[in-house]
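# Breakdown of the fold
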Protein chains: 2
Amino acid sequence: MAHISLPAGLPGISGPLNQYPETALHLRGLAQALLRGPSSLTPGEREMIATYVSSQNNCWFCTNSHRAATRYLLVEEETPAELVDQVCQDLETAPVNDKIRALLMIAGQVQQGGRRVSEENVAKARLAGADDKAIHDTVLIAAAFCMFNHYVDGLATWAPEKESDYEEQGALLAQHGYVTPTTG
Amino acid sequence: MAHISLPAGLPGISGPLNQYPETALHLRGLAQALLRGPSSLTPGEREMIATYVSSQNNCWFCTNSHRAATRYLLVEEETPAELVDQVCQDLETAPVNDKIRALLMIAGQVQQGGRRVSEENVAKARLAGADDKAIHDTVLIAAAFCMFNHYVDGLATWAPEKESDYEEQGALLAQHGYVTPTTG
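Below: a short report on this structure. (Residues numbered from 1 in each chain as written. Chains lettered and ligands numbered in written order. Predicted model: local features only at pLDDT ≥ 70, side-chain atom pairs only at ≥ 80, totals over all residues. Heavy atoms only, no water.)

### Details of the overall build of chain A
The criterion, for reference: Helix numbers and strand numbers start at the N terminus; a helix is a DSSP run of H or I with at least 4 residues, a strand a run of E with at least 2. Here the radius of gyration uses the C-alpha set of atoms, whereas the globule reference equals 2.2 Å times the residue count to the power 0.38. Burial here depends on accessible area, computed with a 1.4 Å probe over protein chains only, as a share of the maximum for the residue type. Under 20% is buried, over 50% is exposed, and the range in between is partly exposed. Only the protein chains shown count as cover for residues, and the accessible areas themselves come from Shrake-Rupley with a 1.4 Å probe.
The helix and strand tally for chain A stands at 9 helices and 0 strands. Each helix (α) and strand (β) of chain A, taken in turn from the N terminus, gives the series α-α-α-α-α-α-α-α-α. In terms of C-alpha radius of gyration, chain A reaches 16 Å, essentially the compact-globule figure of 16 Å for 184 residues. Here the C-alpha coordinates of chain A stretch approximately 50 × 35 × 30 Å along the principal axes. Expressed as a percentage of the 184 residues in chain A, the buried residues total 60%. Split by element, the accessible area of chain A, about 7,600 Å² in all, is 51% carbon and sulfur.

Encoded structure:
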């Protein structure tokens, strides 16, 4: 049971977003700007960073909903959907390109604490083609998902257990983004 | 030196907020709603939670700027300014009331990972008078400051070294909040 009273039947972050609209407005706006706004990274790449950080934080709801969104977007971007699963299983061996691997390494460092990001981490990402905007967006996505993950789990929100239960919501997030109140 | 190009002379989060206005809009809006909007906690109490979490994350810029804002607000709320310093030094012995101590314990658990918040933590806060809104706001402030702290440090932003350099900015944050671009 959640630590506070939340509307019944709304999974994960949808409950607190629905119950507390004053903060939800900005949380949704941030997710939309960060994951769908202008960037040198594709939406699929950005959702993959969000999924990876959520999996490192062991947040079941965020990992599964953003994994489903990533899989949908990667297919649209003509990239194999299973890349996101391989990244979460083992970043070292996952068949991603050098730029994305370096950015995911940076995201993993941010998840453990901002000061862990080294000049070497950043140099590796730049050498593989990452620009300032890609590095900025990676750091902020990783930081923001520490917030979303801790918000969802810190309130002990309810979440569906089966991975397949996230496919429909993931497709909605992929197609419509984060600004309409029905897409959680 | 910061990991990306940022405007010279702007400390901490002010640099990336200035350089990346699309996300700054929502980050400022979130801080304003969370720390100054309607709540069963005072602005001083909420800034104290933000300061405590920033100190647990070892984020020098956020700890010092929010500590200065907290000190200003506590005095306005007829509470000793040094409470925030005592809380950061040793939460167990700091002379705060039972409600605030229980909420700061929850914030500390969120900082370490959302799933650490126990039913006992929440029961203690409720027994001391915390309502749903206070518990919600505490969890989201703690989660949001994990984001702000990791954003500031993950980009290796510049920050003034002396604590006294934060007094003026703290007073501005206390008086004007987070929505105008000049108050960082």
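So much for the structure itself; the text now carries on.
### Let's talk about the nonpolar core
Basically, it comes down to this: Nonpolar core, defined: a set of buried Ala, Val, Leu, Ile, Met, Phe, Trp, Tyr and Cys residues in which side-chain atoms within 4.5 Å join the residues together. Any two residues having at least one pair of non-hydrogen atoms within 4.5 Å are treated as being in contact.
Membership of the largest hydrophobic core comes to 114 residues, with the highest contact counts inside it found for Leu103(A), Met147(A) and Met147(B). Not counting chain neighbours up to four residues away, the residues in contact with Met147(B) comprise Leu30(A), Leu140(A), Ala143(A), Ala144(A), Met147(A), Leu27(B) and Leu30(B).

### Things to note about the interface of chain A and chain B
How we decide: In short, buried area is how much 1.4 Å probe accessible area vanishes from two parts on joining, totalled over both. Each salt bridge in this description consists of a side-chain nitrogen of Lys or Arg and a carboxyl oxygen of Asp or Glu lying within 4 Å of one another.
Each side of the interface is counted separately: chain A has 39 residues, and chain B has 39 residues. Between chain A and chain B, the buried area comes to about 3,500 Å², and carbon and sulfur atoms account for 69% of it. The three residues of chain A that bury the most area against chain B are His3(A), His136(A) and His150(A), which together make up 18% of that side's buried surface. Linking chain A with chain B are 2 salt bridges, by the criterion used here.

### What about the environment of Gln109(B)?
Residues and elements named next belong to chain B. Assignment of secondary structure puts glutamine 109 in helix α6 (residues 98–112). For the pair glutamine 109 and asparagine 57, spaced 52 residues apart in sequence, the C-alpha separation works out to 12 Å. Sequence-distant contacts of glutamine 109, that is, excluding residues within four places in its chain, are made with Arg116, Val117 and Asn121.

### Re the relation of the copies chain A and chain B
As a reminder, the rule being used: What sets the superposition is a least-squares fit of C-alpha atoms, and only residues with pLDDT of at least 70 in both copies go into it.
The two copies are related by a screw motion: chain A maps onto chain B through a turn of 180 degrees and a shift of 0.0 Å along the axis, at an RMSD of 0.0 Å. Both chain copies can therefore be described as sitting about a two-fold axis. Both copies share a contact surface, since 100% of the interface residues of chain A are interface residues in chain B too.

### So, the pattern of salt bridges
Residues and elements named next belong to chain A. If you walk through the whole model with that rule in mind, you get 14 salt bridges over all chains. Here arginine 71 makes a salt bridge to aspartate 85, at a shortest N to O gap of 2.5 Å. Of this pair, arginine 71 sits in helix α4 (residues 60–76) while aspartate 85 sits in helix α5 (residues 83–89), and the two are 14 residues apart along the sequence. Several salt bridges share partner residues, and in doing so they unite Arg67, Arg71, Asp85 and Glu163 into one network.

### Remarks on the side chain of His150(A)
The residue His150(A) is located in helix α8 (residues 132–154) in this model. Its relative accessible area of 7% is what places His150(A) among the buried residues. Setting aside its immediate chain neighbours within four residues, His150(A) contacts Asn57(A), Val110(B), Gln111(B), Gly113(B), Gly114(B), Val139(B), Ala143(B) and Cys146(B).

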